[in-house]
Amino acid sequence: MGRVDGKVALITGAARGQGRSHALRLAEEGADIIAVDICGPVQGLQYSPATEEDLAETVRQVEALDRRIVASVTDVRDRDAFKTAIDEGVAALGRLDIVVGNAGICIIAPWDEVTPEIWDTTISTNLTGVFNTVQLTAPHLIAAGGGSIILTSSAAGLKGLPFLTPYVASKFGVTGLGKAFATELAEHNIRVNTLHPTGVETAMGEMADAYPPLLEKHPRVGGMLTNMLPIETTQPRDQSNAVLFLASDEARYVTALSMTVDAGNTQY
């Protein structure tokens, strides 16, 4: 028996990186998967976007674990399309027990170079997209008698970080959403927790070259990016292990928690 055997998990941003890792980790422990990803460009990104081929690879790897998966190319900002993807996935797999709101973007820019477009794109994806995720999936969890919602925030959802103004705002918002939804959904036996990674080795790391010239100009803020443990980044599976715990019955009384897997980053 796996730790989430017989359950169905919906994961946003599932084409690659942390999202794919979460899908595989939950599938390894018995869950069937509803996988959602935009699989296309997002305005202003400084790293390569996920593709439909990436999502197809997630499907292949989940199926290789002998688990069912329903995948769709969907933007979490598009409520109507997202609702359709959720409803069709639940209809195909029969229920919904676990939701991982993982889709998000990050754009590096000093405060005075953040355009209205960067602000709007980041907030709509990272914050409104998470709001949509919870509001549209919760009825299915209620119908199932309860469940677990895990929202990907960040170390930047617990402390300020330089050159990431919209990202920090969005991730603090996700932290607040997690606690707010936890209070109202508790009566339905739905737990809501937020996950706070430090850097994770994913495609988002391609934008790291933007930091050195900024830090050279503003050296006093460099220490804020340092982890307490002697590592630069974590692996996606490090975060997925936390997702699995929060999704499983081992965490049946854990809710409204801001869980850090940040190598001590938020302690600095």
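Summarised in this report is the structure supplied together with it. (Residues numbered from 1 in each chain as written. Predicted model: local features only at pLDDT ≥ 70, side-chain atom pairs only at ≥ 80, totals over all residues. Heavy atoms only, no water.)

### Describing the overall build of the chain
At step 1: Each helix and strand in the chain was counted, giving seven helices and seven strands.
At step 2: In sequence order, the chain lays out its α and β elements as β-α-β-α-β-α-β-α-β-α-β-α-α-β.
At step 3: Relative to the compact-globule value of 18 Å for 268 residues, the chain shows a C-alpha radius of gyration of 18 Å, a close match.
At step 4: Taken over the C-alpha atoms alone, the chain extends approximately 55 × 35 × 30 Å along its principal axes.
At step 5: Per-residue burial for the chain yields a buried fraction of 51% across its 268 residues.
At step 6: Of the contacts formed within the chain by residues at least 6 apart in sequence, a portion of 78% connects residues at least 24 apart.
At step 7: As displayed, the chain has an accessible area near 11,700 Å², and 54% of this comes from carbon and sulfur atoms.
At step 8: Taking the 20 positively charged and 32 negatively charged side chains of the chain as two groups, their mean positions are separated by 6 Å. (Helix = DSSP H or I, 4+ residues; strand = E, 2+ residues; numbered from the N terminus. Rg over C-alpha atoms; globule rule 2.2 N^0.38 Å. Buried < 20%, exposed > 50% of the residue type's maximum accessible area, 1.4 Å probe, protein only. Contact = heavy atoms within 4.5 Å. Areas by Shrake-Rupley, 256 points an atom, 1.4 Å probe, with all protein chains shown as cover. Lys, Arg positive; Asp, Glu negative; His and termini not counted. Charge placed at Lys NZ, Arg CZ, Asp CG, Glu CD.)

### Section: the sheet that holds strand β6 (residues 190–197)
At step 1: Pairing is parallel in the open sheet, where seven strands are placed in the order β3-β2-β1-β4-β5-β6-β7. Of all strands in the sheet, those bounded by a partner on one side alone are β3 (69–73) and β7 (258–261). Neighbour to neighbour, the strand axes of the sheet diverge by 15° on average, direction disregarded.
At step 2: Two elements, strand β1 (residues 8–12) and strand β2 (residues 32–37), share five bridges in a ladder whose sense is parallel. (Pairing = 2+ DSSP bridges. Axes fitted to C-alpha atoms, helices over the stretch in contact; angles between N-to-C directions.)

### A closer look at the nonpolar core
At step 1: Ranked by internal contacts, the top residues of the largest apolar core, which has 28 residues, are Leu-26, Ile-33, Ile-98 and Ile-150.
At step 2: At the level of elements, β1, α1 (17–28), β2, α2 (52–64), β4 (98–101) and α7 (236–247) are the ones that each hand at least two residues to this core.
At step 3: Sorting elements by how many residues they give to this core places α7 first, with five residues.
At step 4: Excluding anything up to four places from it in sequence, Leu-26 contacts Val-4, Ala-9, Ile-11, Ala-31, Ile-33, Ile-98, Val-100, Val-243, Leu-244 and Ala-247.
At step 5: The next biggest cluster of nonpolar side chains, apart from the first, holds 26 residues, and it includes Val-76, Ile-86, Val-130 and Phe-181. (Core = buried A, V, L, I, M, F, W, Y, C linked by side-chain atoms within 4.5 Å.)

### Some points on the packing of aromatic side chains
At step 1: Counted under the stated rule, the structure contains two aromatic pairs.
At step 2: Geometrically, the ring pair formed by Phe-131 and Phe-181 is tilted, given 6.1 Å between the ring centres and 35° between the ring planes. Here Phe-181 lies in helix α5 (residues 165–185) and Phe-131 lies in helix α4 (residues 116–143), a separation of 50 residues in the sequence.
At step 3: By relative accessible area, which is 30% here, Phe-131 ends up partly exposed.
At step 4: Note on Phe-181: relative accessible area 15%, which makes it buried.
At step 5: Between Phe-163 and Tyr-211, the ring centres sit 6.4 Å apart and the planes meet at 55°, which makes this aromatic pair tilted. Taken as a pair, Phe-163 in the loop between β5 (147–152) and α5 and Tyr-211 in helix α6 (residues 211–217) lie far apart in primary sequence, 48 residues in all.
At step 6: The exposure class of Phe-163 is buried, given its relative accessible area of 10%. (Phe/Tyr/Trp six-rings, centres within 6.5 Å; stacked < 30°, edge-to-face > 60°.)

### Side note on unusual backbone geometry
Working note: non-glycine residues mostly have negative phi, and peptide bonds are mostly trans.
At step 1: The backbone of Cys-39 sits at a positive phi, close to 50°, despite the residue not being glycine.
At step 2: According to the relative accessible area criterion, Cys-39 is buried, its value standing at 11%.
At step 3: Residues other than glycine seldom take positive phi values, yet Asp-66 does so here, at roughly 65°.
At step 4: Relative to the assigned elements, Asp-66 resides in the loop between α2 and β3.

### Examining the environment of Ile-142
At step 1: Position of Ile-142 relative to the elements: it lies in helix α4.
At step 2: On the basis of relative accessibility, which here comes to 37%, the residue Ile-142 falls in the partly exposed class.
At step 3: Setting aside its immediate chain neighbours within four residues, Ile-142 contacts His-188 and Ile-190.

### Details of α1
At step 1: With 12 residues, α1 ought to run about 16 Å at 1.5 Å a step, and its terminal C-alpha atoms sit 17 Å apart, in line with that.
At step 2: Counting buried positions along α1 yields 10 of 12 residues, so the element is predominantly enclosed.
At step 3: Restricting attention to buried positions, one finds in α1 the residues Gln-18, Gly-19, Arg-20, Ser-21, His-22, Ala-23, Leu-24, Arg-25, Leu-26 and Ala-27.
At step 4: At its buried positions, α1 is contacted by β1, β2, α2, β4, β6 and α7.
At step 5: Once α1 finishes, Gly-30 follows within two positions and takes phi at roughly 105°, a positive value. (Expected span 1.5 Å × (residues − 1).)

Scope: geometric values only; no functional claims are made or implied.
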